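Chain by chain, the residues run as shown.
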Amino acid sequence: MESDQLNKSSEIEAAAPVIEPGHTFASVTDKISAIVLTHRTPRFWYVGFGLSFMLVLVLLFGIAYLLTMGVGVWGINVPVAWGFAIVNFVWWIGIGHAGTLISAILLLLRQKWRQSINRFAEAMTLFAVACAGLFPLLHLGRPWYAYWLFPYPSTMGIQPQFRSPLVWDVFAVSTYFTISLLFWFMGLIPDLATMRDQARRRFPRFAYGILAMGWRGSAIHWHRYEMAYLLMAGLATPLVVSVHTVVSFDFAVGLIPGWHSTIFPPYFVAGAIYSGFAMVLTLAIPLRKLYGLEDFITLRHLKNMGEVMLATGMIVAYGYLMETFMAWYSGNIYEQYLLWNRMFGPYWYMYWALILFNILVPQMLWLRAVRTNVVALFLIAICVNIGMWLERYVIVVVSLSRDFLPSSWGMYSATVWDYAIFIGSIGLFVCLLFLFIRVLPMISIFEMRELVHETEEAK
Amino acid sequence: MKPDTRHPTPEPRPSIPAAPRLDLASIRERLASSRGREYWRCFEELSDSEEFHELLKQEFPQQSAGWFEGVSRRDFLRLMGASLALAGLNACRATPSDEKIVPYVNQPEQIVPGRPLFFATAFPMNGAATGVLVESHEGRPTKIEGNPNHPASLGATDAFSQASILTMYDPDRSQVVKNAGRISTWNAFLTAINDDLEAERVAGGTGLRILTETITSPTLADQLRQLLAKFPRAKWHQYEPVNRDSVHAGDRLAFGTDVNTLYRFENADVILSLDADFLFRGPANVRYARDFASKRRVRQGKAEMNRLYVIEATPSITGAMADHRIALPPSEIPNFAGAIAAKMGLSVQASADAQRSQWIDALVRDLQKHRGTTAVVAGDQQPPGVHALAHWMNQALDNVGKTVIYTDPIEANPVGQLASLRELVKDMESGTVKILLMLGGNPVFTSPVDLGFAEQLAKVPLRVHSGLYEDETSAYCHWHIPEAHYLETWSDIRAYDGTVTILQPLIAPLYGGKSSHEILAALLGGSGVATYDTVRNYWKAQKVPGDFETFWRAALHDGIVAGTSFQPKTVKLKPFADVDVRSGASTASSETRNLTPENVQPETRDTQTKTGNSLEIAFQPDPTLFDGRFANNGWLQELPKPLIKLTWDNAALVSPKTAQRLGLSYRVGSRGGEHGRVFTDMIELRYEGRTLRVPSWIVPGHADECVTLHFGYGRTHAGKVGNGTGFNAYAIRTANAPSFGTGVEIRKIGTQYMLACTQFHHSMEGRDLVRAATLEEYRKNPNFAQDEHHDEPEGSLYPGFKYEGYAWGMSIDVSACIGCNACVVACQAENSIAVVGKTEVTRGREMHWLRIDRYYKGDPENPDTYHQPIPCMHCENAPCELVCPVGATSHSHEGLNDMVYNRCVGTRYCSNNCPYKVRRFNFFEYSDFETPSLKPMRNPNVTVRSRGVMEKCTYCVQRINVAKIAAEKENRRVRDGEIQTACHAACPTQAIVFGDINNREAAVAKLKADSLNYGLLTELKTQPRTTYLAKLRNPNPEIKTS
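Residues numbered from 1 in each chain as written. Chains lettered and ligands numbered in written order. Predicted model: local features only at pLDDT ≥ 70, side-chain atom pairs only at ≥ 80, totals over all residues.

Some thoughts on the overall build of chain A
Within chain A one finds 18 helices and zero strands. Of the contacts made within chain A by residues no fewer than 6 positions apart, 83% connect residues no fewer than 24 positions apart. (Helix = DSSP H or I, 4+ residues; strand = E, 2+ residues; numbered from the N terminus. Contact = placed C-beta atoms within 7 Å.)

What follows is the structure, given as structure tokens:
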């Protein structure tokens, strides 16, 4: 089928389908809800869930050890007081950008192709933000006082220090998480009702029934639903930009060379979307294959996502270029040294790997053949995921390792506990995703039905 | 010889005598025959053997009689009554100190809870005193300060005296009298030794030997004299690994008599150091640092400086201060000194190559231009000939009586210590020695390896050692007596100029330690005599002018005994030509390499033609552990050594060129990096048939073809902290060449060793962190430190904060800083800063609030060295405060950047955003909250930080507040100089000055107005309150530097 598609590549350009022809309302509903309700849980699910759950155990063990001993179990030290924890935090937050972008911004821009990927992209966002949220908590020297970062009515009469970007982070991330959760849940309501109606057994029917909040699909319901959904999208849209902007302030507000840069907000947002789409691709490609959802997540989706990646990747590349240019143009010896240190210092391999994964490899997306090749897209998406992680490593660790006074230059190297918690967080993410595809429809049923309707009408 | 049962022989570690074999059959039989319950505690008791009875008798000699023979009712009642009465008496025992007790019921005049008292005493090192004032909180000494009245201190201290307080509280100190490794008592010791002593008394003391460290204490010397009078044939030996044998031998060579040489560096315009590290070593290092720096201060209106020439092998802090420095292997320095002397007109045959001879010409011209205001100083480790030569040179330069003063020696008996030790070893070998009493010291560890001290020691039938620790020597002794720390005992001691200080105890001995006075008094038959009485009676006998009580109180109060400093003495220098060169050569070291004016070019030229792998070796005391006595002191272990910045280890130091020739490499570890761990090649040193494996370490400015080893490491019985750190240089240090020798072979053994280095990066990377100029450049442009540098950006959107009232600030003079580390340890002591251990240092996590950055500039073969102490800058516009999410670090209205430990959640954002990287984080629970003995040591006014909390320099805010409260009570402003931060107070060169910059008359405000003043990284607009005075050097314009 894929080779057919390739032969018809000229048509793809014009009006490749966002849903394969021949589907009816019923077939869409059956196909998607059956994955959860009637099909036997496939063996790969057990294997995947089991493996990822083992990684969750690694995470739990890592956290227990960390809390018992202190953050000294990580490789951090005095010049480099932030390590994997912050790298992972920014990376996960970045990944968590695609969901809202796809759901909200593309909704407002009336991009119909978003409808088959938005559900699990949103789920992915939630889980990524949950993973991200772990790290700022865990990286505290005294995590049991983390609530001091919130403005609660304290008997001590003390409030957080609102000039600190970390406080802004708290608000940005928690708001983002809340909105993402609500948005995702709202989008689920009509489907939950469908699931309630489709479910045969008592418990699923009961559970979906509760969650569907009495959705009956009346015209009034639909009317209000559409309005609310649009409003939510309107609310969520600025968040897509704001969250990573605020995260970038963590660095931009600091005066360390390599951090202190006004280019950071747009560059971080672009990077976040870049990595978010890479992660959606990384997940969508195996999922559509394993669950046979090629009809709903078509080549056009993949191609579009590839194009978004290419565009945001170019913005990120521009960011790198400007950093280099500004280091030279500013005449600031610290900035210049920083750049030299990134490229040729002890962490040189990190920088060049980042350039390779983030800039050079994705250039292949200029080729249509690559954009429509599932395997190539998958590999490029993986590269971008790694590259974006390296980018955060370079920003956080390499900048800190050599700042102003050469006397305090030092180095950071991750310990086994750094890795345990990082890999464990990936495990948690994957584990949550497996649970999600097991209990909820991973593609929005009602929106697919809409697509069927629209395709019909178009004929 | 029949084994002596009273003194079981410990070889090498005392072992418990083998248990008698159990006779199970007889035990069963006895158990069967017994009635009722019979408890047994051990097999020995069960077997009811002879040995068990013997053991019990030994353990409880007093009770042994009544133990087995049954107690009658009358006896029982009598015993009980007596016990009760004795228990009552015991309760009457006066503590904390026997001599003067102060009840708290009625509050005594002086003691206000929470307000510390200061007591004057003196820190003894190598027998010489540094006068100190000890801060005492309700009877607990917590901090050492210098005594401004004391000539060797003038208010400052060095790192060792600062750290000595930790040694006193060290939980690893020996706590009980031990006999062959078993716990015993002081009385048991007295009982045991009495018989032997009685036998010796009959024999006139033929077999009695006493080995001490260098003694200057008049009282102790008097006791020793009394003892020698009682035992006329007994001998008193002295030995310390860092001794002044060469100095004394040189004096005798030049004068024919013992003298003590003092330098008046405050009058010296040109100083020539021949391998003399006078800022670190010797009895007056603190004083000399002050005097030396006083001539290097250039302020507006006065642009004069002294000039220092240093010829040395191992880069030292003195060498780092030099305006001209030449690195030569130590064996070539005598020749070089000879060449200088020859140029000055002394008939010495010595030559230097053309390039060097130009240098020497310029030096000699400079010296002769400043006749009477120069000083030639020879290093302790140089042979006596160099010292003699220095005396002649000083004479020729007309310095005597002006910058060089001669007095009587301060040592009670200035013997050649190595010769003294040799004699003792010979006597031990021949079996003459029956009793050896070692008061302090650790000769088994520190004596030259070829003497075989430990081996011969085993031949002595009764060996007694007193020491602060159960060390290597104790392990070889029958009796170990815990020694009282100097803060726990009365004594007296002389300073470098003869001034006597009476030591007063700050606390009763924590672990029941006995002072040397007490041990000697016991030997003299007065076992009950308190040290207090011994010292006091000695001074009573001295017929002091006026009322004794007044004298005593004044001496204790001032920390010096007035009028005891030695008067300058006129000594006649022997005519240069006709010196009997052998006469001064009493020490072993000088026999082999005695330098004489006639044959002053010794065998040293062969280093030029050195082939293969044969190098020269120099032995030096460790810059932080000294001779090993501080091995269990965590503060000193973790103190980055000046220049090389190593902690917790020593290494074989070599020059970059030699390292290249030998193919020595290093690798910076990826965890911690340059601020943590460096892996270097292990090498094997083969020297005079002995080998030692040590890691190598490349030091810019080290003499080529020479390797330096610091001794003091590699202890096996130091304690929990010191055991197993570093490598034992004593293992190859011989009596023939205790300071340096030739013929070391070096072999790479192919493995690498991880060293903990806090600053491996040498270069300033072209940044203007330490701004420096020559005096000439300064005269041309006094504003060089401010010109042509990045300026602070102008303007701000927000109005600045107006600091009414006080505005605290600090000024650090980079010209005056000698990098001695006194401030670092002072800060650690004042602020209860935790020790983290080697592993954590290698991860880049050491906790020092104040560090001394070291940078090199120029040719790595002989670079310029810069020290820059970095405390918190207390930026007015602090980057750390902005980013803390919980406001745990915030600004006070007096400009302090305060740290609120309670509020800190540990995001470490502040540390990341600090451009000076002065913040320190408790990655683990570093502070020791468990060890009871360390608790009273801590400053009660400083919070002990727990895990997960950030900390940093507070400008000693606790001291600021004490002074402010005092001033407020008197309704006045805090006066300038009233508040001294710990670093300010400790600094020997007064390079660190703290005060109120709003007070225009304050010293700190004046310094900040100086043209040399500059701030670090001001282009970031941090507006640091700590600023620096630029570095000035004063090179000789006639000498072209590279």
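Once you've had a look at it, read on.
Points about the overall build of chain B
Scanning chain B for helices and strands turns up 31 helices and 38 strands. Across the 1042 residues that make up chain B, the buried fraction comes to 56%. Put simply, 74% of the contacts in chain B that link residues at least 6 apart link residues at least 24 apart. (Buried ≥ 20, exposed ≤ 12 C-beta atoms within 10 Å, placed from the backbone.)

With respect to the nonpolar core
Ranked by size, the top nonpolar core spans 422 residues in total, and within it Val280(A) and Leu274(B) carry the most contacts. With 16 residues, the top contributor of residues to this core is helix α11 (residues 264-290) of chain A. (Core = buried A, V, L, I, M, F, W, Y, C linked by C-beta atoms within 7 Å.)

Quick look at the domain arrangement of chain B
All names here are of chain B. Parsing chain B into structural domains produces domain 1 (1-59), domain 2 (178-238 + 414-483 + 513-545), domain 3 (245-407), domain 4 (614-757) and domain 5 (772-1033). Here the C-alpha centre of domain 3 lies 38 Å away from the C-alpha centre of domain 2. Contacts between the two partners involve four residues from domain 2 and, on the opposite side, four residues from domain 3. When the residues that make up the side of domain 2 that touches domain 3 are grouped by side-chain class, the tally is two nonpolar, two polar and no charged. (Domains from an automatic or database assignment. Nonpolar A, V, L, I, M, F, W, Y, C, P; charged D, E, K, R; others polar.)

Things to note about helix α7 (residues 186-202) of chain B
Residues and elements named next belong to chain B. Between the first and last C-alpha of α7 there are 24 Å, a value that for 17 residues agrees with the 24 Å anticipated at 1.5 Å per step. Residues of α7 that are buried: Phe 189, Ile 193, Leu 197 and Glu 200. Residues of α7 that are buried make contact with β6 (208-212), β14 (435-439), β15 (462-467), β16 (479-482) and α18 (516-523). Following α7 by one or two positions, Gly 204 has its phi on the positive side, about 75 degrees. (Expected span 1.5 Å × (residues − 1).)

A word on the sheet that holds β16(B)
Residue and element names in this part refer to chain B. Taken together, the seven strands give an open sheet; going across it, the order is β5-β4-β16-β15-β14-β6-β7, and neighbouring strands pair in mixed fashion. Where the open sheet ends on each side, the last strands, each with one partner, are β5 (182-183) and β7 (235-238). Pairing geometry for β14 and β15, over five bridges, is parallel. Paired with Ile 435 across the two strands is Leu 462, which belongs to β15. (Pairing = 2+ DSSP bridges.)

Side note on unusual backbone geometry
Residues and elements named next belong to chain B. One non-glycine residue, Asn 971, lies in positive phi territory at about 55 degrees. Relative to the helices and strands, Asn 971 resides in the loop between α29 (957-969) and α30 (982-986). Given 6 C-beta atoms within a 10 Å radius, Asn 971 is considered exposed. Phi angles above zero are rare outside glycine, and Gln 990 is one such case at about 55 degrees. Here Gln 990 lies in the loop between α30 and β35 (992-996).

Describing the environment of Ala562(B)
In this fold, Ala562(B) is placed in the loop between α20 (548-558) and α21 (588-592). On the basis of neighbour count, Ala562(B) is assigned to the partly exposed category, with 14 C-beta atoms found within 10 Å.

Overview of the sheet that holds strand β9 (residues 270-274) of chain B
Residues and elements named next belong to chain B. Spatially, β11-β10-β9-β12 is the arrangement adopted by the four strands of the open sheet, whose pairing is parallel. Edge positions in the sheet fall to β11 (324-327) and β12 (374-378), since each has one partner strand and no second. Between one strand axis and the next, the sheet turns by 10 degrees as a mean value, whatever way the strands run. Bridging between strand β10 (residues 307-312) and β11 involves four bridges; their strand directions are parallel. Residue pairing in the sheet places Val 310 in a bridge with Arg 325 of β11. (Axes fitted to C-alpha atoms, helices over the stretch in contact; angles between N-to-C directions.)

Here's the deal with the pairing of strand β8 (residues 260-263) of chain B
Residue and element names in this part refer to chain B. Side chains of β8 alternate between two faces, with Asn 260 and Leu 262 and Thr 261 and Tyr 263 buried alike. Relative to strand β13 (residues 404-407), β8 runs antiparallel, the two being bridged by four bridges. Paired with Tyr 263 across the strands is Val 404, a residue of β13.

Thoughts on the interface of chain B and chain A
Tallying the contact residues gives 48 residues for chain B and 44 residues for chain A. Where the side of chain B that touches chain A is concerned, the elements lending two or more residues are α27 (879-883), α28 (909-913) and β33 (920-921) of chain B. In terms of residues, the side of chain B that touches chain A owes the most to one element, α28(B), which gives four residues. Classifying every residue of the side of chain B that touches chain A by side-chain character gives 18 nonpolar, 18 polar and 12 charged.

Quick notes on the confidence of the model for chain B
All names here are of chain B. Looking at chain B as a whole, its pLDDT mean stands at 85, while 87% of the residues score no less than 70. Contacts for the low-pLDDT stretch residues 10-20, under 50 throughout, to residues beyond four places or in other chains number 17 contacts. This model gives residues 578-611 a pLDDT under 50, and the stretch forms 79 contacts once residues within four places in sequence are excluded. (pLDDT = per-residue confidence, 0-100.)

Things to note about helix α25 (residues 822-830) of chain B
Residue and element names in this part refer to chain B. By the criterion of burial, α25 is predominantly enclosed, with nine of the nine residues buried. Burial in α25 covers these residues: Ala 822, Cys 823, Val 824, Val 825, Ala 826, Cys 827, Gln 828, Ala 829 and Glu 830. Of the residues trailing α25, Ser 832 is marked for its positive phi of about 50 degrees.

As for the pairing of strand β30 (residues 864-870) of chain B
Residue and element names in this part refer to chain B. Burial analysis of β30 places seven of its seven residues in the buried class, which makes it a mostly covered element. Of the two faces of β30, the one carrying Asp 864, Tyr 866, Gln 868 and Ile 870 and the one carrying Thr 865, His 867 and Pro 869 are both buried. With seven bridges joining them, strand β29 (residues 851-857) and β30 adopt antiparallel strand pairing. By the bridge assignment, Arg 854 is partnered in β30 with His 867. From the end of β29 to the start of β30, which pair antiparallel, there are six residues, and Gly 858 there has a positive phi angle of about 90 degrees.

Some points on the packing of helix α5 (residues 84-95) of chain A against α11(A)
Residue and element names in this part refer to chain A. At a closest axis distance of 7 Å, the pairing of α5 and α11 adopts a crossing angle of 70 degrees. Overall, the two elements α5 and α11 adopt an arrangement that is roughly perpendicular. Between α5, through Ile 93, Gly 94 and Ile 95, and α11, the contact on the second element is made entirely by Gly 271, Ala 272, Ser 275, Gly 276 and Met 279. Looking at the contact of α5 with α11, its residues break down into four nonpolar, four polar and no charged. (Parallel < 35°, antiparallel > 145°, perpendicular 65-115°, else oblique.)

Brief notes about the packing of α5(A) against helix α10 (residues 219-252) of chain A
Residue and element names in this part refer to chain A. Contact geometry of α5 with α10 gives a least axis separation of 10 Å together with a crossing angle of 165 degrees. Considered as vectors, α5 and α10 are oriented roughly antiparallel to each other. Relative to α10, α5 is oriented so that their crossing is left-handed. Judged by residue contacts, Val 90, Ile 93 and Gly 94 of α5 engage Val 243, His 244 and Val 247 from α10. Looking at the contact of α5 with α10, its residues break down into four nonpolar, two polar and no charged. (Left-handed = near helix turned anticlockwise from the far one by under 90°.)

Quick notes on the environment of Leu55(A)
Residue and element names in this part refer to chain A. Topologically, Leu 55 is positioned in helix α4 (residues 43-69). Judged by C-beta crowding, with 19 C-beta atoms within 10 Å, Leu 55 ranks as partly exposed. Apart from residues no more than four positions distant in its own chain, Leu 55 is found in contact with Ile 423, Gly 424, Ile 426 and Gly 427.

Here we look at the environment of Lys964(B)
Residue and element names in this part refer to chain B. Of note, Lys 964 is situated in helix α29. Classification of Lys 964 by C-beta neighbours within 10 Å gives partly exposed; the count is 17. The spatial distance from the C-alpha of Lys 964 to the C-alpha of Gln 542 is 45 Å, given a sequence separation of 422 residues.

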